[in-house]
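One-letter residues, chain by chain:
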Amino acid sequence: MAQNKKNKQESNDSLDYNESSTYRKIKCDTFTIEGFSRAPVMTFWRIPEFKLGFDLGWQPWEFMGSPKWFISHCHMDHVLALPAYLARRRMMLMDPPTLYVPEQKVGDLRQFIAAFCKLEQSALPCDIIGVRPGDELDLSRELVATVHKTYHTVPSVGYIVWERRKKLKPEYLELTGEQIRDLNLAGVEISYEIRFPRVAFLGDSSARGLDENPDMYRADALITEMTHLRVPANGGAQLKGHMQLDDYVARQDKFQNKKIILSHVSIRYPQNDIERQLKIKLPGLLDGRIELV
Ligand SMILES: [Zn+2]
Ligand SMILES: [Zn+2]
């Protein structure tokens, strides 16, 4: 009896297995940003309410339920967990997921997955969609994603996820429900679409990626990178394609976001150094909006 109870407990433990202690959960209005990012170790984020994620540098067990992933670029710390994600979804009999990836890397990514299929002697089904800046991706009736140019050392993009709603055109505001229904039946377009930028994901980029995509400054939540606290000792080469603390100091009046998730900090900096430098250099932004991850 005692043995049975122990076995049941073990099986429950394995069903309840989750890795939530390894990443952050940040609430922003009606949605949650879950994930973690350290350069050059791993970057992974998801918004469970929107059923999507950004980058696959790691894949906590419970993240496999999110069926759409937006990949910013293909550096190791942003795609390493992709085969695990695909294999787990197949194993759990979930539908093949959709991966959005910079179009220049679609072929290489297919080869990467094909190598794992050979190793596993099994298929890793997924839909891979190549994207380029300016693309719009229909996700659902309520959500649409846009693709944005960013500046890194390899082909890269950023993403904004928008919530869209239909609003009645001003000229029809006075009409009765019946009149509106009749116009609808007659095929008249009586409404227009308004969009709200909910989440922006910069990926890895220099500050130019933010400046050239000002909607990122307006998103409710901005997931952005601050790889360096200062110019690295070996000069500016490592700064190329990344942001540093001074980039935020210079732009602190631009951020209208409710949450600014500062992430991808290099592991070269101790946590207390990061926090101290933020307090010294960015006191104006420390009004509860910054989340240092
Ligand atoms: Zn990175
Ligand atoms: Zn990178």
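As the structure is a computational prediction, the values presented were derived from the model and not from experiment.

Caption draft 1: A look at the overall build of the chain. What the chain contains, in helices and strands, is 8 helices and 15 strands. By residue count, 33% of the 293 residues in the chain fall in the buried class. For the chain, contacts bridging at least 24 residues in sequence account for 58% of all contacts bridging at least 6.

Caption draft 2: Molecular detail of unusual backbone geometry. At the junction of Ala-39 and Pro-40, the peptide bond is cis and its omega measures out at -10° in the coordinates. Inspection of the secondary structure assignment puts Pro-40 in the loop between β2 (31–39) and β3 (42–47). For Lys-51, which is not glycine, the phi dihedral falls at a positive 60°. Along the chain, Lys-51 falls in the loop between β3 and β4 (52–56).

Caption draft 3: Molecular detail of helix α3 (residues 82–91). Leu-82, Tyr-85, Leu-86 and Arg-89 are the residues of α3 that are buried. For α3, the arc enclosing every buried residue in end-on projection is 95°, short of the 170-degree limit, so these residues lie on one face.

Caption draft 4: The arrangement of the pairing of strand β6 (residues 98–102) in detail. Of all the 5 residues making up β6, 4 are buried; the element is thus mostly covered by neighbouring parts of the structure. Across 3 bridges, strand β5 (residues 68–70) lies against β6 in parallel orientation. When the sheet's bridge partners are listed, Phe-70 is paired in β6 with Tyr-100. Sheet topology note: the β6/strand β7 (residues 127–131) ladder contains 5 bridges and is parallel.

Caption draft 5: Spatial organisation of the sheet that holds strand β15 (residues 290–292). Strand order in the open sheet formed by 7 strands is β8-β9-β10-β11-β12-β13-β15, and the pairing between neighbours is mixed. Pairing within the sheet leaves two strands with one partner each, and these edge strands are β8 (136–138) and β15. Pairwise comparison of adjacent strand axes, ignoring direction, gives a mean angle of 30° for this sheet. Pairing analysis gives 5 bridges linking strand β12 (residues 221–225) to strand β13 (residues 259–263), with the strands arranged parallel. Its bridge partner being in β13, Thr-224 is matched across the sheet by Leu-262.

Caption draft 6: How the structure looks around the nonpolar core. Of all hydrophobic cores here, the largest spans 51 residues; its most connected members are Phe-70, Tyr-159, Ala-200, Phe-201 and Ile-223. In this structure Phe-201 touches Trp-45, Phe-54, Phe-70, Ser-72, Gly-158, Tyr-159 and Ile-223, once residues within four positions along its chain are discounted.

Caption draft 7: Spatial organisation of helix α4 (residues 106–120). Under the 1.5 Å per step criterion, the end-to-end length of α4 is 21 Å for 15 residues, consistent within 8% with the ideal 21 Å. In the stretch just after α4, Gln-121 is the one whose phi turns positive, near 55°.

Caption draft 8: Geometry of the confidence of the model for the chain. Mean pLDDT over the chain: 91, with 92% of residues reaching 70 or higher. Confidence drops under pLDDT 50 across residues 1–14; counting only partners more than four residues distant or on other chains, this segment forms 0 contacts.

Caption draft 9: Structural context of the pairing of strand β11 (residues 191–201). Here 10 bridges tie strand β10 (residues 157–168) to β11, and the two strands are oriented antiparallel to one another. Opposite Lys-166, over in β11, you have Glu-193 as the bridge partner. Here 3 bridges tie β11 to β12, and the two strands are oriented parallel to one another. The residue of β12 that forms the bridge with Ala-200 is Leu-222.

The rules behind each value
- Residues numbered from 1 in each chain as written.
- Chains lettered and ligands numbered in written order.
- Predicted model: local features only at pLDDT ≥ 70, side-chain atom pairs only at ≥ 80, totals over all residues.
- Helix = DSSP H or I, 4+ residues; strand = E, 2+ residues; numbered from the N terminus.
- Buried ≥ 20, exposed ≤ 12 C-beta atoms within 10 Å, placed from the backbone.
- Contact = placed C-beta atoms within 7 Å.
- Arc of directions from axis to C-beta.
- Pairing = 2+ DSSP bridges.
- Axes fitted to C-alpha atoms, helices over the stretch in contact; angles between N-to-C directions.
- Core = buried A, V, L, I, M, F, W, Y, C linked by C-beta atoms within 7 Å.
- Expected span 1.5 Å × (residues − 1).
- pLDDT = per-residue confidence, 0-100.

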